[in-house]
Amino acid sequence: MDPASLVAYRVVFGLLMGVAVARFFAYGWIHEHYLAPRVLFPYAGLEWIRPWPGVGMYVHFALMGLGALGITLGIAYRASALTFVLTFTYAHLIDKTYYLNHYYFISLAGVLMAALPLDMKGRSHVPAWWLWLLRAQVGLVYFFGGVAKLKSDWLVHAQPMKIWLAASTDLPVLGRLFEQPWAPHAFSVAGAVFDLCVVPALLWKRTRWLAYAAVVGFHIITRMLFPIGMFPWLMMAGALLFFPPDWPRRLASWLRRAPVKDSAPEPSPVSPSSRSWLGPVLAVAFLGVQLFLPLRHLLYPGDVMWTEEGFRFSWNVMLMEKNGVAEFHVSEPATGKRWVVSPGQHLSPYQVKMMATQPDMLLTFAHYLARHFAEQGHPGVEVRVDAFASLNGRPRQRLVDPSVNLAAVGPWDSVHGWVLPFREVAPP
C-alpha cells in the first residue's frame, strides 16, 4: 500500500511529542515531578527506575526532545524513535502519581514507531499490515474505553458526568447546556456510544467523514472540560489513519490544484524480508497482550474502581471521580510510642490527592514511613492508616482496614487482605 498516511502520522506524532517535551521544560514539570519530591511511588518491581541526579533529568528530557525531532524529520529515524520511546517510558515509570492513559498510549505508539521503518527511505509501497497495526492500536483505546463505560454509574446514574458538568457551567455557550437536568445522561450515553462505534464508523467509507467530525468534536469538548494535555490531539491524529492510505497525496494535490494521482508510484519488487512471517506474528502478540491487560481486573474480586487492581494500563479513560483523605498512625511496639503522620508533611499536594484514593500508593507510603522511622532510630515500627474515599459523588466510606499493619504487607500481596469491600450505595 501507499505509505503516505504512515509518513503523515509519523510527522504529526513527532511534532506533538516535541510540544509535549517543551511543555515539561516550560512549566517546570521536570523539577516538580522528578527532583522536588522527597517520596516517589514506583511501580512494583520497577523500584530501580529513579530520577537521574543533578541535571540528569534535564539532559534526559533534552534527549527525548531530540528523539521527537528525529521522528518528525526522519533523521537517523530508528535511533531517534528508540531514543524517544526509551526516555519517555523511563521518565513516566518513575512515579505512578502521574500515570495517564495517554502516556501509556505514547509508549505503545513509540514502540511501533521504533519497530517499523517509517522513514520510508527507498520505499514506494509498504506491507498493508503496518497500517492495520497502527489502526488497531488506536482502535483498542476507543473500544476498551467504551467497554469500561458499560456500568450503571455511567449509563444509569450519569456519574461522574453530573459532577463534571456541574463544575463547568461557566463555560461560554456550552455552560448553559450543562445546566440542563438531562445533559449528564445524554453526554454519558453519547460518550459510551461514541467510544464503541467510532472505529467501525471510521472504517466504513460512507460514515468516515461524519465519524471524523465526531472525533474532532468529542475531543475538543473533552479538552475544554478536562486538563488532559496532548491526548485529544493524539487521538485526532490517530483517527486520520482510517482514511485511505494515499489521503496526504490527495490533499497535497488539491492544495496545489494539481491533478490527483490515484496512488504512489508503482511498487518496487517485494524483498524477502517484506514477506517475513516474524513481523506479523510479533504484531499479533503485541496486540494480544493489550487485549488481555484491560480485562485482567476480572481475575480479582471487588470493584476495580474501588480497589484499582488492574485499573491502570486498561484504557479506563475519564471513568470516575474519586477523592479521599488519609492519616497515618505509626507505633513502636517495643516502647509503646505512637505518632500521627499527615501525608502533607512528606508529599506534594498533588501526591497527597492521588495517594489518598489509591490503595497501592497508600501501601507504598506506609513502607516509606517504616523506613523513615527506622532511619530516625525507631526500627520495627508498625504503620496503619485511616483512609476514607468517595466514589462518583457517594458519601465517603472507609477504604482500608485500620487494624492492618501495612508495613508488613508486601507490594505483590493482594489488596483484599486489607482494602475493605466497597459498600454499594446509589450515587446522587
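Criteria and cut-off values
Residues numbered from 1 in each chain as written. Predicted model: local features only at pLDDT ≥ 70, side-chain atom pairs only at ≥ 80, totals over all residues. Heavy atoms only, no water. Helix = DSSP H or I, 4+ residues; strand = E, 2+ residues; numbered from the N terminus. Buried < 20%, exposed > 50% of the residue type's maximum accessible area, 1.4 Å probe, protein only. Contact = heavy atoms within 4.5 Å. Areas by Shrake-Rupley, 256 points an atom, 1.4 Å probe, with all protein chains shown as cover. Lys, Arg positive; Asp, Glu negative; His and termini not counted. Charge placed at Lys NZ, Arg CZ, Asp CG, Glu CD. Patch = residues over 30% accessible without salt bridge, like charges linked within 9 Å, V, L, I, M, F, W, Y side chains within 5 Å. Salt bridge = Lys/Arg side-chain N within 4 Å of Asp/Glu carboxyl O. Expected span 1.5 Å × (residues − 1). Pairing = 2+ DSSP bridges. Phe/Tyr/Trp six-rings, centres within 6.5 Å; stacked < 30°, edge-to-face > 60°. Core = buried A, V, L, I, M, F, W, Y, C linked by side-chain atoms within 4.5 Å. Polar contact = N/O pair within 3.5 Å; in protein donor to acceptor, adjacent residues only side chain to side chain.

Draft legend 1. Quick look at the overall build of the chain. Along the backbone of the chain there are 17 helices and four strands. Overall size of the chain, expressed as C-alpha extent along the three principal axes, is 85 × 50 × 40 Å. Sorting the 428 residues of the chain into buried and exposed places 49% on the buried side. A separation threshold of at least 6 residues defines the contact pool for the chain, and within that pool the share at least 24 residues apart is 69%. On the chain, roughly 20,400 Å² of surface is accessible, and the fraction owed to carbon and sulfur atoms is 67%. Distance between charge centroids for the chain: 9 Å, based on 35 positive and 25 negative side chains.

Draft legend 2. Structural view of a nonpolar patch on the surface. On the surface, a nonpolar cluster with roughly 850 Å² of combined accessible area is contributed by Phe25, Val55, Tyr58, Val59, Leu63, Leu66, Leu69, Leu73 and Ile75. Residue contributions to the nonpolar patch peak at six residues, all from helix α3 (residues 56-73). Its location among the elements puts valine 59 in helix α3. Using a relative accessible area of 46% as the deciding quantity, one classes valine 59 as partly exposed.

Draft legend 3. Highlighting helix α17 (residues 359-375). Across its 17 residues, α17 extends 25 Å between first and last C-alpha, which sits within 8% of the 24 Å expected from 1.5 Å per residue. Taking burial as the measure, the 17 residues of α17 include 13 buried ones, the bulk of the element. Where α17 terminates, the next one or two residues include glycine 377, which has phi positive at roughly 95°.

Draft legend 4. Region of interest: the pairing of strand β1 (residues 322-332). Here β1 runs beside strand β3 (residues 382-391); their pairing, made up of 10 bridges, is antiparallel. The residue bridging serine 331 from the neighbouring strand is glutamate 382, located in β3. Examined bridge by bridge, β1 and strand β2 (residues 337-341) share five bridges and lie antiparallel to one another. The partner of glutamate 332 across the bridge, within β2, is lysine 337. The loop that links β1 with its antiparallel partner β2 comprises four residues; one of these, glycine 336, has a positive phi angle of about 80°.

Draft legend 5. Focus on the environment of valine 400. Residue placement: valine 400 occurs in the segment after β4 (397-398). A sequence separation of 21 residues divides valine 400 from proline 421, and the C-alpha atoms of the two residues are 9.0 Å apart. Other than its neighbours up to four places away in sequence, valine 400 contacts Leu362, Val385, Ala387, Trp418, Val419 and Leu420.

Draft legend 6. Up close: the packing of aromatic side chains. Under the criterion given, the structure shown has 28 aromatic pairs. Between the aromatic rings of tyrosine 99 and phenylalanine 313, the centroid separation amounts to 5.1 Å while the plane-to-plane angle is 70°, which identifies the pairing as edge-to-face. In this pair, tyrosine 99 is assigned in the loop between α4 (77-92) and α5 (101-115) and phenylalanine 313 in the loop between α15 (304-307) and β1, connecting sequence segments 214 residues apart. Among the residues examined, tyrosine 99 registers a relative accessible area of 17% and is labelled buried.

Draft legend 7. Layout of the nonpolar core. Grouped together as the largest cluster of nonpolar side chains are 122 residues, with contacts concentrated most on Phe13 and Phe328. With 10 residues, the single largest contributor to this core is helix α6 (residues 128-148). Aside from chain neighbours lying at most four places away, what touches phenylalanine 13 is Ile71, Phe84, Ile106, Ala109, Gly110, Met113 and Leu234.

Draft legend 8. Looking closely at the side chain of asparagine 392. Along the polypeptide, asparagine 392 turns up in the loop between β3 and β4. Dropping the residues within four chain positions of it, asparagine 392 is found in contact with Asp153, Gln159, Pro160, Ile163, Met305, Leu319, Met320, Glu321, Pro427 and Pro428.

Draft legend 9. Examining the side chain of aspartate 2 more closely. Position of aspartate 2 among the secondary structure elements: in the segment before α1 (4-26). Judged by its relative accessible area of 6%, aspartate 2 is buried. In terms of polar contacts, aspartate 2 uses its side chain to reach the backbone amide nitrogen of alanine 4, at 2.8 Å. Side chain to side chain, aspartate 2 and arginine 249 meet in a polar contact 2.7 Å long.

Draft legend 10. Highlighting α3. Between its first and last C-alpha, α3 extends 26 Å over 18 residues, near the 26 Å set by a 1.5 Å rise per residue. All buried positions along α3 are accounted for by Gly56, Met57, His60, Phe61, Met64, Gly67, Ala68, Gly70, Ile71 and Thr72. The inward-facing, buried residues of α3 contact α1, α2 (29-35) and α4. Backbone geometry just downstream of α3 places glycine 74 in the positive-phi region, at approximately 75°.

Draft legend 11. Structural context of the environment of tryptophan 129. Note on placement: tryptophan 129 falls in helix α6. The class for tryptophan 129 is partly exposed, based on a relative accessible area of 26%. Sequence separation between tryptophan 129 and tryptophan 164 is 35 residues; the distance between their C-alpha atoms is 40 Å.

Draft legend 12. Broad picture of the pattern of salt bridges. Scanning all chains against the criterion turns up 10 salt bridges. The salt bridge partner of glutamate 382 is arginine 384, with a shortest N-O separation of 2.9 Å. Judged by relative accessible area, which is 24%, glutamate 382 ranks as partly exposed. For arginine 394, the salt bridge is made with glutamate 424, and the minimal N-O distance between the two is 3.1 Å. Remark: glutamate 424 occurs in the segment after β4 and arginine 394 occurs in the loop between β3 and β4; sequence separation between them is 30 residues. Overall, the relative accessible area of 55% leaves glutamate 424 in the exposed class. One network of salt bridges, with partners in common, ties together Lys96, Arg312 and Asp360.

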